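A structural walkthrough
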Amino acid sequence: MHFDHAEVLGSCVSCHNGTIAEGEGTSHPATSQDCGSCHTVISWNPTKAVDHSQIPLAVAGFCIVCHNGVQAAGQNPGHIATTLECGTVT
């Protein structure tokens, strides 16, 4: 079941505070952005976009932290085998 959040006033955290409604899960990337920056108002998964510039410096450059096939999609089976980081350009 999906709830259309288009008519909701206020910030996401006013309801999604872990008490009234579920908040961010423990595997959610840390961000200061509003939920609507990455998610649609009807369905939160999958995300519509991720602003990778918001990823904390401690994680930036280590794509596998999120792109591990659980939190976010990882390499598909047909991906070229490599030990290089995703953002590496050769």
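Refer to the preceding data block for the structure.
These numbers were taken from a predicted model, which means no experiment stands behind them. Once a new chain begins, its residue numbering starts again from 1 and follows that chain's sequence as written. Given that this is a predicted model, residues contribute local features only at a pLDDT of at least 70 and side-chain atom pairs are listed and counted only at 80 or more, while totals for whole chains, interfaces and linings are drawn from all residues. Side-chain descriptors were evaluated using all non-hydrogen atoms of the structure, hydrogens and water having been removed beforehand.

As for the overall build of the chain
The secondary structure content of the chain amounts to 0 helices and 0 strands. Counting across all 90 residues of the chain, residues that qualify as buried make up 7%. Here a residue-residue contact requires only that any non-hydrogen atoms of the pair lie within 4.5 Å. A separation of at least 24 residues holds for 33% of the contacts in the chain among residues at least 6 apart in sequence. Put simply, DSSP marks the helices as runs of H or I at least four residues long and the strands as runs of E at least two long, and each gets a number from the N terminus on. With a 1.4 Å probe rolled over the protein chains alone, any residue whose accessible area is under 20% of its type maximum counts as buried; one over 50% counts as exposed, and the rest are partly exposed.

Some details on a nonpolar patch on the surface
For patch building, the residue pool is restricted to those with more than 30% relative accessible area and no salt bridge; the joining distance is 9 Å between like charges and 5 Å between nonpolar side chains (Val, Leu, Ile, Met, Phe, Trp, Tyr). All accessible-area figures derive from a Shrake-Rupley calculation using a 1.4 Å probe, and residue coverage is judged against the displayed protein chains alone. For this document, the term salt bridge refers to a Lys or Arg side-chain nitrogen within 4 Å of an Asp or Glu carboxyl oxygen. Together, Phe62, Ile64 and Val65 line one region of the surface with nonpolar side chains, adding up to about 300 Å² of accessible area. Here Phe62 falls in the partly exposed class, since its relative accessible area comes to 49%.

Here's the deal with the layout of surface pockets
The calculated volume of the second largest pocket comes to roughly 210 Å³. Lining the second largest pocket are 13 residues, with His5, Val8, Gly10, Cys12 and Trp44 sitting closest to its centre. All residues other than Ala, Val, Leu, Ile, Met, Phe, Trp, Tyr, Cys, Pro, Asp, Glu, Lys and Arg, Gly among them, are scored as polar; the first ten of these are nonpolar and the last four charged. Taken together, the residues of the lining of the second largest pocket break down into 6 nonpolar, 6 polar and 1 charged. In this analysis, the protein atoms alone were mapped onto a 1 Å grid. Cavities are point sets where a 1.4 Å probe fits without being able to get out; pockets are open sets with protein on both sides within 12 Å along at least five of seven lines; lining residues have an atom within 4 Å of a point. Grid points are joined across faces, edges and corners, and a volume is the space filled by probe spheres set on the points.

Remarks on the state of the cysteines
Criterion for a disulfide: a pair of cysteine sulfur atoms within 2.5 Å. What the rule picks out here adds up to 0 disulfides. Left unpaired, Cys15 is separated from the closest cysteine sulfur, that of Cys12, by 9.1 Å. Cys15 gets classed as partly exposed once you look at its relative accessible area, which sits at 34%.

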